[in-house]
Amino acid sequence: MTEIILIPGLVEVEKYAQSQKDVSKTMSARQKLETQLTENNIVKEELDTMGSTNTVYKLIGPVLVKQELDEAKATRPLDFVL
């Protein structure tokens, strides 16, 4: 009789543990997106303060490639995050 009572309780504990794992994954994904948002906002602010005489470089793999300021301002990786 005791075993019958424990089995439904065990199932509930396993469901709770799975829910906790799901919450943890979701929180981790949210934190990553918030970090990307913050980084994108910082870059946007920096680009807005730059003048036409400044040089902008874009990191592509291990190489820094020169990029026009207008092109850098037009590129909005944030649009892809949201």
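Structure: above.
Residues numbered from 1 in each chain as written. Predicted model: local features only at pLDDT ≥ 70, side-chain atom pairs only at ≥ 80, totals over all residues. Heavy atoms only, no water.

Trainee: I would appreciate a short explanation of the pairing of strand β1 (residues 56-60) in the present structure.
Mentor: For a regular strand, side chains alternate in direction, first toward one face of the sheet and then toward the other. For β1 and strand β2 (residues 63-67), the ladder comprises five bridges, and the chain directions are antiparallel. Paired with lysine 58 across the strands is valine 65, a residue of β2. The loop that links β1 with its antiparallel partner β2 comprises two residues; one of these, glycine 61, has a positive phi angle of about 65°. (Pairing = 2+ DSSP bridges. Helix = DSSP H or I, 4+ residues; strand = E, 2+ residues; numbered from the N terminus.)

Trainee: Help me understand the pattern of salt bridges, please; the structure alone is not making it clear to me.
Mentor: Tallied over the entire structure, the rule returns three salt bridges. Across the pair aspartate 48 and lysine 44 runs a salt bridge, and its minimum N-O distance is 3.1 Å. Pair noted here: aspartate 48 and lysine 44 are both in helix α1 (residues 2-49), with a separation of four residues, about one helical turn. (Salt bridge = Lys/Arg side-chain N within 4 Å of Asp/Glu carboxyl O.)

Trainee: Mind showing me how you'd approach a nonpolar patch on the surface here?
Mentor: On the surface, a nonpolar cluster with roughly 360 Å² of combined accessible area is contributed by Tyr57, Leu59 and Leu64. Within the secondary structure layout, leucine 64 lies in strand β2. Its relative accessible area of 56% is what places leucine 64 among the exposed residues. (Patch = residues over 30% accessible without salt bridge, like charges linked within 9 Å, V, L, I, M, F, W, Y side chains within 5 Å. Areas by Shrake-Rupley, 256 points an atom, 1.4 Å probe, with all protein chains shown as cover. Buried < 20%, exposed > 50% of the residue type's maximum accessible area, 1.4 Å probe, protein only.)

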